[in-house]
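Below are the chains, spelled out letter by letter.
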Amino acid sequence: MIPWRSPTSDNGTTPLLTTCRGSNIVEESVFEKRMSHVRELQKLGADIRVCGSTALVSGGEKGSGYGSPVVAADLRGGVSLVLAGLVVEGTTEIDGIAHIDHSYENLDTKLQLLEADIKRLIR
């Protein structure tokens, strides 16, 4: 567990933890449905088990998952899918990016400046 982290960072922390060896616990104490992004991360190969507002994230090696079509249901979950898509093998297509665009202007372009292999298919 990361006791200092903000509850709003959980969705961004979860894909990071999938790349770390061992098991980690993510607890959501503010919004009950904030774990909805886990199902989409599992499509990318993440080993995550959810029980109520707690997720057990079993980490592995970077790139151990595989790209897949996924859907961003909200802002934080969408950003977690972008982060996860950057570390899995293959292509990840994210639908519902309007959630991301609402708060992260030109996220794809900014990540490209960091040499991320990311491109927007529809504007």
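Remember, it's a predicted structure, so these values are computed and weren't measured experimentally. (Residues numbered from 1 in each chain as written. Predicted model: local features only at pLDDT ≥ 70, side-chain atom pairs only at ≥ 80, totals over all residues. Heavy atoms only, no water.)

Peer 1: Provide a residue-level description of the nonpolar core, including the pertinent values.
Peer 2: Soluble globular proteins tend to bury their nonpolar side chains together. In this structure, Val26, Leu41, Leu44, Ile48 and Leu81 are the most contacted members of the largest nonpolar core, which totals 15 residues. Listing elements by their share of this core, those giving two or more residues are helix H2 (37-43), strand S3 (54-59) and helix H3 (75-87). When near neighbours in sequence (up to four residues on either side) are disregarded, Leu81 contacts Glu40, Leu41, Leu44, Val70, Val71, Ala72 and Ile94. (Core = buried A, V, L, I, M, F, W, Y, C linked by side-chain atoms within 4.5 Å. Buried < 20%, exposed > 50% of the residue type's maximum accessible area, 1.4 Å probe, protein only. Helix = DSSP H or I, 4+ residues; strand = E, 2+ residues; numbered from the N terminus. Contact = heavy atoms within 4.5 Å.)

Peer 1: An account of the pattern of salt bridges is needed here, citing residue identities and associated values.
Peer 2: If the charged atoms of two oppositely charged side chains come close together, the side chains can form a pair. Under the criterion given, the structure shown has four salt bridges. A salt bridge links Glu40 to Lys43, with the nearest nitrogen and oxygen atoms 3.1 Å apart. Of the two residues, Glu40 and Lys43 both sit in helix H2, three residues apart, roughly one turn of that helix. The salt bridge partner of Arg120 is Asp101, with a shortest N-O separation of 2.9 Å. Pair noted here: Arg120 is in the segment after helix H5 (107-113) and Asp101 is in helix H4 (residues 98-103), with a separation of 19 residues, a long-range link. Each of Asp101, Asp108 and Arg120 takes part in a single network of salt bridges with overlapping partners. (Salt bridge = Lys/Arg side-chain N within 4 Å of Asp/Glu carboxyl O.)

Peer 1: An account of the sheet that holds strand S2 (residues 47-51) is needed here, citing residue identities and associated values.
Peer 2: Here we have three strands laid out as an open sheet, ordered S1-S3-S2, and antiparallel in their pairing. Looking along the sheet, the strands with just one partner apiece sit at the ends: strand S1 (22-27) and S2. Neighbour-to-neighbour, the strand axes of this sheet turn through a mean angle of 20 degrees, independent of strand direction. In terms of strand pairing, S2 meets S3 through five bridges, oriented antiparallel. Residue pairing across strands places Arg49 opposite Leu56, the latter belonging to S3. (Pairing = 2+ DSSP bridges. Axes fitted to C-alpha atoms, helices over the stretch in contact; angles between N-to-C directions.)

Peer 1: Residue-level account of the environment of His37, with values.
Peer 2: Along the polypeptide, His37 turns up in helix H2. Residue class for His37 comes out buried when judged on its relative accessible area of 4%. Taking the C-alpha atoms as reference points, His37 and Asp74, separated by 37 residues in sequence, lie 8.3 Å from one another.

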